[in-house]
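One-letter residues, chain by chain:
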Protein chains: 2
Amino acid sequence: MRYLITFSYDGSKFKGYQKQPRLKTVQGEIEKALKELANKDIPIFGSGRTDASVHALNQKAHFDLDMDITKEKLQKALNSLLNNYIYIKKIEEVNDTFHARFNVSAKEYIYKINMGEYDPIEKDYVYQYNKKLDLAEMERALKYLEGTHDFKSFSKADEEKDNFTRTIIQTNLIRNIKNVNKFTISFLGTGFLRYQVRNMVGVLIEIGEGKRKSEDILNILEAKDRRKAGITAPPEGLYLNDVYYR
Amino acid sequence: MRYLITFSYDGSKFKGYQKQPRLKTVQGEIEKALKELANKDIPIFGSGRTDASVHALNQKAHFDLDMDITKEKLQKALNSLLNNYIYIKKIEEVNDTFHARFNVSAKEYIYKINMGEYDPIEKDYVYQYNKKLDLAEMERALKYLEGTHDFKSFSKADEEKDNFTRTIIQTNLIRNIKNVNKFTISFLGTGFLRYQVRNMVGVLIEIGEGKRKSEDILNILEAKDRRKAGITAPPEGLYLNDVYYR
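Note that the structure is predicted; figures quoted are calculated from it, not measured. (Residues numbered from 1 in each chain as written. Chains lettered and ligands numbered in written order. Predicted model: local features only at pLDDT ≥ 70, side-chain atom pairs only at ≥ 80, totals over all residues. Heavy atoms only, no water.)

(A) Representation of the domain arrangement of chain A in the model. All names here are of chain A. By domain assignment, chain A separates into domain 1 (2-94) and domain 2 (105-245). Taking only C-alpha atoms, the centre of domain 1 and the centre of domain 2 are 27 Å apart. Each partner contributes residues to the interface: domain 1 has 18 residues there, and domain 2 has 17 residues. Interface area for domain 1 against domain 2, summed over the two sides, is near 1,400 Å², with a carbon-plus-sulfur share of 53%. The largest per-residue losses of area from domain 1 upon contact with domain 2 belong to Asp51, His55 and Leu57, which jointly make up 36% of the total buried on that side. Our enumeration of links across domain 1 and domain 2 arrives at 1 salt bridge. Note that Asp51 and Arg194 form a salt bridge whose closest N and O atoms lie 2.5 Å from each other. For the pair domain 1 and domain 2, the interface holds 10 residue pairs in polar contact (both at pLDDT 80 or more). In terms of residues, the side of domain 1 that touches domain 2 owes the most to one element, strand 3 (residues 55-64), which gives 6 residues. (Domains from an automatic or database assignment. Contact = heavy atoms within 4.5 Å. Buried area = accessible area lost by both parts, 1.4 Å probe. Salt bridge = Lys/Arg side-chain N within 4 Å of Asp/Glu carboxyl O. Polar contact = N/O pair within 3.5 Å; in protein donor to acceptor, adjacent residues only side chain to side chain. Helix = DSSP H or I, 4+ residues; strand = E, 2+ residues; numbered from the N terminus.)

Okay, structure coming up:
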């Protein structure tokens, strides 16, 4: 039986999603729980990795397991064995051809920023920018990122890839109704390059600071050159919010 | 010169407020930063301690320091030397007779509870109760706690004290406007016994579960016996929200 799991985690407690020898990772911890349950190695296939310190609200992965157990009991058993900073929110049965990475149709990331006073309690959960930004100009810039573009300028430096073309379906800048100093940027896209969201947020911040104008996004996209973009925003503000399948 | 500092901290990163040999504590970290700045030991006097895993949004402490420095520069210097999970929000100059503990007129604690799905990202910041509670009955119970009472039933077991009488000035149960499954209880009082807030929240939860009625608060107070109360709610939901001086 193939299962699709939906899970959340606190990225500050792991050395990233992907399994690495001798390091505590999200994949490593889930596979450890599965091994305890099944008494054998059960590899999991995630929708994609998240970097160290990046959080997930609804990450997805599939695995194959032959056990006489309902999905409700499987969820309970896995959560009781699992590291407390990871939680399996849902388990679905899927057919044998389903693949949690290859079948992805879209993903949504969100990025949280605090323009107000430094908050040590949210240090690992919200980027502590701690200065005012021009949100209206950032909102205009966001709209230039929507659509199908070559995002090479926003990829990881020295990334070797044949194709940097991706589609951003929708973006939003969401003001916090309880705190005027906090806001969230959301990016819904068919797929993202490594560091793409953090590099886009980096340029958006420079636009919010007044160092660039919103239209500069067009020149940066056109250049297809990482050096034309700006800083990489820190990982702690980033959350994988959702993964969609066809 | 005597200074009063207002600071916040993430309690999950420390073994409590009070200095202890070889353990990372809030007081210990602030005194370490002061020693680096002043090149000598500068003891700080807090408004009171918080237990391990308990957070503070506006804790207060005073210390004496003779340095030719403005309070703005002192704040900047201390924050740059300080552990990132503690932040000094304000520094005020006070007169030599001021004492951050003895002059307290009131304190406010808040306690955060999540009745919804387990959230691994808020595990250390909101009590993950993860079941429904009867908030209206809990609100009625809260009102019985207001006023001047002998709170011995809500004190730490085996606490040796002459006087367990304290005054709770105001309580509130605040629903979260964005998430119906989350709420916060606030307690404003002239002073609190050790574990008093967590023990009151423990009984309130039993009332919210329907195991007790709101009026039982009266019998528990009357008994002056720790065994008549209930569980001690876990520390991670508790925040010292503010400290007031006459």
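Right, picking up where we left off after that structure.
(B) View of the nonpolar core. Grouped together as the largest cluster of nonpolar side chains are 71 residues, with contacts concentrated most on Phe7, Phe63, Ile113, Leu145 and Phe187 of chain A. For this core, the element with the most residues is helix 4 (residues 196-208) of chain A, which contributes 7 residues. The residues that make up this core include at least three from each of domain 1 (2-94) and domain 2 (105-245) of chain A. Excluding its chain neighbours within four sequence positions, the residues that come into contact with Ile113 of chain A are Val126, Tyr127, Tyr129, Leu133, Asn181, Lys182, Phe183, Ile185, Val201 and Ile205 of chain A. Residues Tyr111, Leu142, Phe192 and Leu238 of chain B belong to the second largest nonpolar core, which totals 70 residues. (Core = buried A, V, L, I, M, F, W, Y, C linked by side-chain atoms within 4.5 Å. Buried < 20%, exposed > 50% of the residue type's maximum accessible area, 1.4 Å probe, protein only.)

(C) Highlighting the side chain of Glu206 of chain B. Among the structural elements, Glu206 of chain B can be located in helix 4 (residues 196-208). If near-sequence neighbours (up to four positions away) are discounted, Glu206 of chain B is found in contact with Lys211, Arg212, Gly230 and Ile231 of chain B.

(D) Examining the packing of aromatic side chains more closely. All names here are of chain A. If you walk through the whole model with that rule in mind, you get 21 aromatic pairs over all chains. Across from the ring centre of Tyr239, 4.6 Å away, lies the NZ or CZ of Lys112, which sits over that ring. Stacked on the ring of Tyr129, the Lys or Arg Lys131 has its end atom at 4.6 Å from the ring centre. (Phe/Tyr/Trp six-rings, centres within 6.5 Å; stacked < 30°, edge-to-face > 60°. Lys NZ or Arg CZ within 6 Å of the ring centre and 35° of its normal.)

(E) Molecular detail of the relation of the copies chain B and chain A. Here chain B sits on chain A after a turn of 180 degrees about the axis and a move of 0.0 Å along it, with an RMSD of 0.0 Å. In the structure described here, the two chain copies are related by an operation that fits a two-fold rotation axis. Looking at chain B, 100% of its interface residues are interface residues in chain A too, so the copies touch through the same face. (Least-squares fit on C-alpha atoms with pLDDT ≥ 70 in both.)

(F) Region of interest: the packing of helix 1 (residues 26-38) of chain A against helix 2 (residues 71-81) of chain A. All names here are of chain A. The geometry of helix 1 relative to helix 2 is characterised by a closest axis approach of 9 Å and an angle of 115 degrees between their N-to-C directions. The two elements helix 1 and helix 2 meet at a crossing, and its hand is right-handed. Between helix 1, through Ala33, Leu34, Glu36 and Leu37, and helix 2, the contact on the second element is made entirely by Leu74, Ala77, Leu78 and Leu81. When grouped by side-chain class, the residues that make up the contact of helix 1 with helix 2 number 7 nonpolar, no polar and 1 charged. (Axes fitted to C-alpha atoms, helices over the stretch in contact; angles between N-to-C directions. Left-handed = near helix turned anticlockwise from the far one by under 90°. Nonpolar A, V, L, I, M, F, W, Y, C, P; charged D, E, K, R; others polar.)

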